[in-house]
Structures are given as C-alpha cells and as structure tokens.
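Per-entry structural report
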Amino acid sequence: MTSLQNAYQIFKEAKLVNLTHQINENSPHFPALPALEKKDLFTLKDGFHVQQFSVVGQYGTHIDAPIHFVEGGKWLDELVLEDLLLPLFVVDKSEAVATNPNYELSKQDVLDFEAVHGQIPAGSFVAFRSDWHKRWPDQAAMRNLDDKGAQQTPGWSREALEFLIHERHVKALGHETLDTDSGQAAYANGGSLHQEYYLLEQGIYQVEVLANLDQVPATGSIISIAYPNWDKATGSPVRAIAYVSE
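Rules used throughout
Residues numbered from 1 in each chain as written. Predicted model: local features only at pLDDT ≥ 70, side-chain atom pairs only at ≥ 80, totals over all residues. Heavy atoms only, no water. Core = buried A, V, L, I, M, F, W, Y, C linked by side-chain atoms within 4.5 Å. Buried < 20%, exposed > 50% of the residue type's maximum accessible area, 1.4 Å probe, protein only. Helix = DSSP H or I, 4+ residues; strand = E, 2+ residues; numbered from the N terminus. Contact = heavy atoms within 4.5 Å. Pairing = 2+ DSSP bridges. Axes fitted to C-alpha atoms, helices over the stretch in contact; angles between N-to-C directions. Phe/Tyr/Trp six-rings, centres within 6.5 Å; stacked < 30°, edge-to-face > 60°. Lys NZ or Arg CZ within 6 Å of the ring centre and 35° of its normal. Parallel < 35°, antiparallel > 145°, perpendicular 65-115°, else oblique. Nonpolar A, V, L, I, M, F, W, Y, C, P; charged D, E, K, R; others polar.

Let us now look at the nonpolar core. By size, the foremost hydrophobic cluster in this structure holds 28 residues, and its most contacted members are I120, V126, W156, L164, V170 and L173. Sorting the residues of this core by element identifies β5 (85-92), α3 (107-117), β7 (125-129), α5 (158-166) and α7 (194-201) as the ones contributing at least two each. The element that contributes the greatest number of residues to this core is α5, accounting for five residues. If sequence neighbours within four positions are ignored, L173 has contacts with F125, V126, W156, L161, L164, L199, I204, Y205, Q206 and V207. Residues L79, F125, L213 and A233 belong to the second largest nonpolar core, which totals 27 residues.

Laid out in structure tokens, this is it:
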C-alpha cells in the first residue's frame, strides 16, 4: 500500500505545468461582464499592504458549477473535494482548429483518441486542446468575430459531451476558449449556449480558458484545481496545475 508520504515524493518528482492564465484588468472576458478592478486599501507606508479585488466568478481560467446555468444545480461549495484532483486526458485537435476555427470536437475524435491511448476511465478530467490559449491576452483574438459579429471559435459537440458524460462517466471537462459551444453554434442558436447548459445540467463542472495544454501529454498526468472556499458561488477563477510524470 502506497503511503501518503511515498505519493508525495512521486508528486514532487513530477513536472508542474501551469494550466492557468494570469489575470489583470485587461484580461479577455465575456463582454457582458465587467473587467477585474484592483486597488490599494493600505500600502507599506501604512505599515502593511492590502489590496482589494473586484472580479466576477467567470473570469480568466475559471470553474463553472452547475448552478451557473441550471436552476437547482450544485453550487461551487457543493462539489466534492475528491473531484478536484483527477487523472487528466488531453484530446489534441489543434491542427484541425488551425484549419477550421469553428471546429467542434466530435465523438469520433474521442474514439480515435481511445484507439491510440486506450479507453478513458471513469472519474477522469478530459480537456479539449485547441491551442486557442496562444491568443491570450488579446480580447479580439480570443473572440475572433466575423463580419456578422459572430465568434469563430471551436467548441464541443453534443455527441461528444453525451458520450464522455454518460458512457465514459467523466467527472469534469475543460477547454481553452471562453465558451463550451463553438462560436458558430452559439450564433445559430441566437447566442444561447446549448452545449454549456447541457454539460452543467448533467451535474458535472467545467474549467474554461485553460492554458498550456500543449505542454501536457495526452495521458498520464494529474490535474489539480484550487479556488477560495466561497459560500454559494456559481463559479470562480482557479489555479489549475498539471502534474506530469517526467
């Protein structure tokens, strides 16, 4: 039986990859939401330095609890702690997205991934690598609007979500864009994010605006997600880290 101390030594030997964008007042964000505000309440001239931050829950790399979209869904503090440290599987469709910015990750993409890497086990975190994180911190590049004002951004297909959630029984999903849905799908639905609603309706969480998935292998790493212990929050900026076996 592996002791916690032995496990700790294994984790200490792993390479750490920061999956989180640094955020400030100019960070890209959903345009209907206010930008982060920061000010000094006290400085070292007063004997100690204290800052005040004003920021919405869905800002930068952030976690969405089911209640973010779904009435009666779990609040952030109702997610079990065990679900914040999970095996990480990264489905790389960055080449397809480079050709088609409106690419939607499909069930077949997941099956193709499994044909190479084996079946994704229950209780995993699956991330969609699009390399969209390389557009950060440019708001215009992150949104990538066309001449109609619609985002040209990649996203998840419904069939992929259904397969991963109900047949592979994943604990959570993540992506590099601002939204679960592709920009064109959202535009076709009048701005409604049908895939995001569906994902959260299933009672699992997601992490949006992930960074540096290109530094994480397809399999074999662990994702750790941390955030303040908010009372009744719909979401929160997070610090997400991947532990990668050297």
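Read on for the rest.
With that out of the way, let us pick up the sheet that holds strand β9 (residues 172-175). Spatial strand order, β1-β13-β11-β5-β7-β9-β10-β4-β12: nine strands in an open sheet with mixed pairing. Each end of this open sheet is capped by a strand with a single partner; those strands are β1 (15-18) and β12 (235-237). Each adjacent strand pair in this sheet contributes to an overall mean axis angle of 25°, direction not counted. In terms of strand pairing, β5 meets β7 through five bridges, oriented parallel. Looking at the pairing, D92 lines up with R129 of β7.

In the structure shown here, the tally under the stated rule is four aromatic pairs. On the numbers, 4.9 Å between centres and 80° between planes, the contact of F11 with Y243 is edge-to-face. Separated by 232 residues along the polypeptide, F11 in helix α1 (residues 4-13) and Y243 in strand β13 (residues 239-244) bring together distant segments of the chain. A residue is classified by how much of its surface remains accessible, and F11, at 30% relative accessible area, is partly exposed. Accessibility expressed as a relative area gives 21% for Y243, which makes it partly exposed. When the centroid spacing of 6.5 Å and the interplanar angle of 50° are considered together, the rings of F125 and Y205 count as tilted. Here the residue F125 occupies a position in strand β7, and Y205 occupies one in strand β10 (residues 205-208), the gap between them amounting to 80 residues. For F125, a relative accessible area of 0% translates into the label buried. Relative accessible area serves as the criterion here: at 2%, Y205 is assigned to the buried category. A cation sits over an aromatic face here: R135 above W132, 3.7 Å from the ring centre.

Okay, the pairing of β13 next. With burial as the criterion, only one face of β13 is covered, namely that bearing A240, A242 and V244; the residues R239, I241 and Y243 on the opposite face remain uncovered. Pairing analysis gives four bridges linking β1 to β13, with the strands arranged antiparallel. From the neighbouring strand, N18 faces β13, where its bridge partner is I241. Looking at chain direction, strand β11 (residues 221-226) and β13 are connected through five bridges and run antiparallel. Across the sheet, the residue bridging to A226 is R239, located in β13.

Packing of α3 against α5 leaves a shortest axis separation of 7 Å and a crossing angle of 50°. If you check the angle between α3 and α5, you find them oblique. Contacts between α3 and α5 involve K107, V110, L111 and E114 on the former and, on the latter, E159, A160, F163 and L164. Taken together, the residues of the contact of α3 with α5 break down into five nonpolar, no polar and three charged.

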